Amino acid sequence: MGRIFAILLVATMLNSCGGVPGPAGTASARLPKNAPAPVSLEPYLQEAALESSSNHEYAEAAAYWGAIYESNPADLNAALQCASNLRYSGSASDAVNVMSNALKSHPEDLRLLTERGKAYAALGAVEPALEDITRASAAAQSDWTVHSAHGVILDRLGRQAEAASAYRKALALSPDNPAVQNNLALSLALSGRHDEAVELLRRAVQHPGATPQIRQNLSLLLAMQGDVKQAGQLARADLPNKMAENNMVYFEGLSIGAPE
């Protein structure tokens, strides 16, 4: 009910944009002196935005956060939330634009730089992504998310040794973080260090926060090592039967050239 009410409020707000109160003589000037202050829409918009995000309706969430940011350009959290939800929805170019606009008035804000770097990376624009994230990681030494993002971008550039160093900085700040362990493991695998990668993923999948994607990454690396049986067990744990069967066929092909 609260979400429907918020949508109605947004519609009302957008429909009234052409009639913004002006100087004396307009509708606002004729309001009684003892009239109550206008009700803020922000709590309803935030509620709707958070609900949309929790339902993975990222474009809708971005629209709500965008409305909050437009009404209050000083609200950098709204700008960040708008941009991140745009990125999740596949609109990374719009996310870059939102962050670039916010950075005009807050050029040193590390959160804005980091989010723009992530949006650039999502676009495949690796060089500007690296520039933003490098600046942020140099200044935000205590933020593990920045170091993890730095590692992802370095991996995309084929700079695995530097990427591994960035991931280890992130793990020093957030020990046993399964997402960072996953990224480090994949980076090690790209460097040909498959045994280390598998052991790291084995630890990651034991974490309560491990995702199906992490388990499937372990499944793939195990298959590459020739352990098709265990790879299949992991595949069947998360995937529909048909998809798991297809993966098994693929795994068996990988194992043909695996070392004994």
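Residues numbered from 1 in each chain as written. Predicted model: local features only at pLDDT ≥ 70, side-chain atom pairs only at ≥ 80, totals over all residues. Heavy atoms only, no water.

Some remarks on the packing of helix α9 (residues 160–173) against helix α10 (residues 178–190)
Stated precisely, the cut-off is as follows: Between N-to-C directions, angles cover 0 to 180 degrees, with each direction set by a line fitted to C-alpha atoms, over the stretch in contact for helices. Put simply, DSSP marks the helices as runs of H or I at least four residues long and the strands as runs of E at least two long, and each gets a number from the N terminus on. Each angle gets one of four labels, with under 35 degrees taken as roughly parallel, over 145 as roughly antiparallel, 65 to 115 as roughly perpendicular, and the rest as oblique. With the far helix as reference, a near helix turned anticlockwise by less than a right angle produces a left-handed crossing, and one turned clockwise produces a right-handed crossing. We call two residues in contact whenever any of their non-hydrogen atoms come within 4.5 Å of each other. For this classification, the nonpolar set comprises Ala, Val, Leu, Ile, Met, Phe, Trp, Tyr, Cys and Pro, the charged set comprises Asp, Glu, Lys and Arg, and every other residue, Gly included, is treated as polar.
Contact pair α9 / α10: the axes reach a minimum separation of 9 Å and the direction vectors enclose 160°. When the interaxial angle is binned, α9 and α10 end up roughly antiparallel. Regarding α9 and α10, the two cross each other, and that crossing is left-handed. Of α10, the residues touching α9 (which contributes Q160, A163, A164, Y167, R168, A170 and L171) are V180, Q181, N183, L184, S187, L188 and L190. Counted by class, the contact of α9 with α10 contains 9 nonpolar, 4 polar and 1 charged residues.

Let's talk about the pattern of salt bridges
Rule in force here: Think of a salt bridge as a Lys or Arg side-chain nitrogen and an Asp or Glu carboxyl oxygen that are within 4 Å of each other. Three exposure classes are used, based on accessible area relative to the maximum for each residue type with a 1.4 Å probe and protein chains only: buried under 20%, partly exposed in between, and exposed over 50%.
Considering all chains together, one arrives at 7 salt bridges under this definition. Between E115 and R87 there is a salt bridge, with the nearest N and O atoms lying 2.8 Å from each other. Taken as a pair, E115 in helix α6 (residues 110–123) and R87 in helix α4 (residues 76–88) lie far apart in primary sequence, 28 residues in all. Looking at E115, the relative accessible area reads 7%, which means it is buried. Between E108 and R135 there is a salt bridge whose closest N-O contact spans 3.7 Å. You can see E108 sitting in the loop between α5 (92–105) and α6 and its partner R135 sitting in helix α7 (residues 126–139), a full 27 residues away along the chain.

Points about α6
Under the convention used in this document: By definition here, a helix of n residues has an expected span of 1.5 Å times n minus one. Definition of a polar contact: a pair of N or O atoms within 3.5 Å, with one able to donate and the other able to accept a hydrogen when the atoms are protein atoms, and with sequence-neighbouring residues admitted only if both atoms are side-chain atoms.
Helix length check: α6, at 14 residues, gives a terminal C-alpha distance of 20 Å against a target of 20 Å (1.5 Å per residue), a fit within 8%. Considering only its buried residues, α6 is in contact with α4, α5, α7 and α8 (144–156). Of the residues flanking the start of α6, the one acting as N-cap is D109, its side-chain oxygen 3.0 Å from the backbone nitrogen of R111. Of the residues one or two after α6, G124 is the one with positive phi, at around 90°.

Observations regarding the packing of α6 against α7
Contact pair α6 / α7: the axes reach a minimum separation of 8 Å and the direction vectors enclose 150°. Here α7 runs roughly antiparallel to α6, going by the angle between their axes. Taken as a pair, α6 and α7 cross one another with a handedness that is left-handed. Contacts between α6 and α7 pair L110, L113, T114, R116, G117, K118, Y120 and A121 from the former with P128, A129, D132, I133, R135, A136 and A139 from the latter.

Re unusual backbone geometry
Despite not being glycine, H56 shows a phi value in the positive range, around 65°. Tracing the backbone shows H56 in the loop between α2 (42–54) and α3 (58–71). We classify H56 as exposed; its relative accessible area is 58%. Notably, D176 is not glycine yet its phi reads approximately 60°, a positive angle.

Quick notes on the confidence of the model for the protein chain
In plain terms, the rule: Values of pLDDT, which run from 0 to 100, indicate the predictor's confidence residue by residue.
Taken over all residues, the pLDDT of the protein chain has a mean of 81, while the share at 70 or more is 75%. Confidence over residues 1–31 falls short of pLDDT 50; this stretch has 22 contacts with residues more than four positions distant or in other chains. Segment residues 255–260 is flagged for pLDDT under 50; beyond a separation of four residues in sequence, or across chains, it makes 8 contacts in the model.

Considering α3
The terminal C-alpha atoms of α3, which comprises 14 residues, lie 20 Å apart, in line with the 20 Å expected from a rise of 1.5 Å per residue. Every buried residue of α3 is listed here: A61, A62, Y64, W65, G66, A67, I68 and Y69.

Thoughts on the nonpolar core
To keep it simple, the criterion reads: In plain words, nonpolar cores are sets of buried Ala, Val, Leu, Ile, Met, Phe, Trp, Tyr and Cys residues tied together by side-chain atoms within 4.5 Å.
V98, M99, L112, I153, L184 and L218 are the most contacted members of the largest nonpolar core, which totals 59 residues. If one sorts the elements of this core by residue count, α4 sits on top with 7 residues. Not counting residues within four places of it along the chain, the set of residues in contact with I153 comprises G117, A121, V126, A129, L130 and I133.

What to know about the side chain of S187
Within the secondary structure, S187 sits in helix α10. Given the relative accessible area of 2%, S187 is considered buried. One polar contact links S187 to D155, side chain to side chain, over a distance of 2.9 Å.

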